[in-house]
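# A structural walkthrough
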Amino acid sequence: AYTIKNCTNSGDITLSSAHTGWCGLAGITGGYGTSYGAVSDCSNSGDLFYTGEITGNKVTYIGGVIALAIQGQALSNLTNTGVITYTGDGRKGSTTNNSVDIGGIAGRVTNVTFTGTMTNGERLKDGTFSTNIKMAGKFTKTNLGGIAGYVTAGKVEPTKIGAYGKVLVESA
């Protein structure tokens with residue numbers, strides 16, 4: 001099994017192309033599938049921008065650290081302080097099946113274990129909190145979360161969760 005450990009990203013990432021299949025955007029890794037092991041002690045401070053179009057009945061996964069994690073991975077001690085901005089168009093093609101899953105740490109997780117410390121966003125010096133997920137695009141279905149946008153099965157056993165960032169949604 002592979003392990004992604006002690007990684008840091010501080011660069012901004014922009015995804016602006018149209019896509020007809022599943023798509024992932026994240027600060028550390030886009031997708032981490034079956035039997036790949038663990039992602040631990042990683043952080044993202046770079047901003048993520050999605051401005052593309054979704055067509056063909058598919059899902060876009062956007063996460064501060066990992067876009068999509070499935071089937072038995074262990075996620076531990078992950079931090080995102082970057083801003084995630086979605087201004088794309090998720091209503092091209094079929095308007096019934098296209099969706100966007102956005103989470104401060106992970107866009108979508110299925111049968112994954114969260115342990116350790118998970119932190120998204122930050123408390124600013126003036127006592128307010130950063131806005132680190134911004135939705136201003138067109139979308140049919142969206143799942144948003146401070147830590148994970150969409151979760152199916154698995155365990156959440158962190159010793160500390162800090163979801164400090166604000167989520168700002170504006171309809172387009």
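Okay, so let's go over this structure. (Residues numbered from 1 in each chain as written. Predicted model: local features only at pLDDT ≥ 70, side-chain atom pairs only at ≥ 80, totals over all residues. Heavy atoms only, no water.)

Turning our attention to the side chain of Arg108. For Arg108, the location among the structural elements is in strand β13 (residues 106–120). A relative accessible area of 18% places Arg108 in the buried class. Of note is the side chain of Arg108, whose polar atom sits 2.7 Å from the side chain of Asp101. For Arg108, the contacting residues outside a window of four places in its chain are Tyr61, Ala67, Leu68, Ala69, Asp101 and Tyr150. (Helix = DSSP H or I, 4+ residues; strand = E, 2+ residues; numbered from the N terminus. Buried < 20%, exposed > 50% of the residue type's maximum accessible area, 1.4 Å probe, protein only. Polar contact = N/O pair within 3.5 Å; in protein donor to acceptor, adjacent residues only side chain to side chain. Contact = heavy atoms within 4.5 Å.)

This part takes up the sheet that holds strand β8 (residues 59–63). Across the sheet, four strands lie side by side as β4-β8-β12-β15; this open sheet has parallel pairing. For this open sheet the edge positions go to β4 (23–26) and β15 (141–145), each flanked by a neighbour on one side alone. The sheet shows a mean angle of 10° between the axes of neighbouring strands, direction not considered. Of the strand pairs in this sheet, β4 and β8 are connected by four bridges, and their pairing is parallel. Counted as the bridge partner of Leu25 is Ile62 from β8. (Pairing = 2+ DSSP bridges. Axes fitted to C-alpha atoms, helices over the stretch in contact; angles between N-to-C directions.)

The next subject is the environment of Ala74. Residue placement: Ala74 occurs in strand β10 (residues 74–80). Of the residues examined, Ala74 reaches a relative accessible area of 31% and is grouped as partly exposed. For the pair Ala74 and Asn111, spaced 37 residues apart in sequence, the C-alpha separation works out to 9.4 Å. When near neighbours in sequence (up to four residues on either side) are disregarded, Ala74 contacts Gly37, Ala38, Val39 and Thr113.

So, on to the environment of Thr60. Note on placement: Thr60 falls in strand β8. With 40 residues separating them along the chain, Thr60 and Val100 place their C-alpha atoms 4.8 Å apart. Excluding anything up to four places from it in sequence, Thr60 contacts His19, Cys23, Tyr50, Ile54, Ser99, Val100 and Asp101.

Looking now at the pattern of salt bridges. In total, this model carries one salt bridge according to the counting rule given. Its salt-bridge partner being Asp101, residue Arg108 comes within 2.7 Å of it at the nearest N-O pair. (Salt bridge = Lys/Arg side-chain N within 4 Å of Asp/Glu carboxyl O.)

Let us now look at the side chain of Ser76. Counting through the fold element by element, Ser76 comes out in strand β10. Given a relative accessible area of 14%, Ser76 falls into the buried group. Separated by 3.3 Å, the side chains of Ser76 and Asn77 make a polar contact.

All right, on to the pairing of strand β12 (residues 99–103) then. Counting buried residues along β12, five of its five residues qualify, which places the element largely inside the surrounding structure. Here β12 shows a buried face lined by Ser99, Asp101 and Gly103 and a second buried face lined by Val100 and Ile102. Bridge analysis of β8 against β12 gives five bridges, and the strand direction is parallel. If you follow Gly63 over to β12, its bridge partner there is Gly103. Where β12 and β15 come together, five bridges link them in parallel fashion.

This next bit is on the nonpolar core. Counting 16 residues, the largest nonpolar core has Val39, Leu75, Leu78, Ile105, Val109, Phe114 and Met118 as its most contacted members. Mapped onto this core, the elements with two or more residues apiece are β6 (38–44), β9 (66–70), β10 and β13. For this core, the element with the most residues is β13, which contributes five residues. Beyond its immediate chain neighbours, meaning those up to four positions away, Leu78 contacts Val39, Ser40, Asp41, Cys42, Val65, Ile105, Thr117, Met118 and Thr119. (Core = buried A, V, L, I, M, F, W, Y, C linked by side-chain atoms within 4.5 Å.)

The analysis is restricted to geometry; functional conclusions fall outside its scope.
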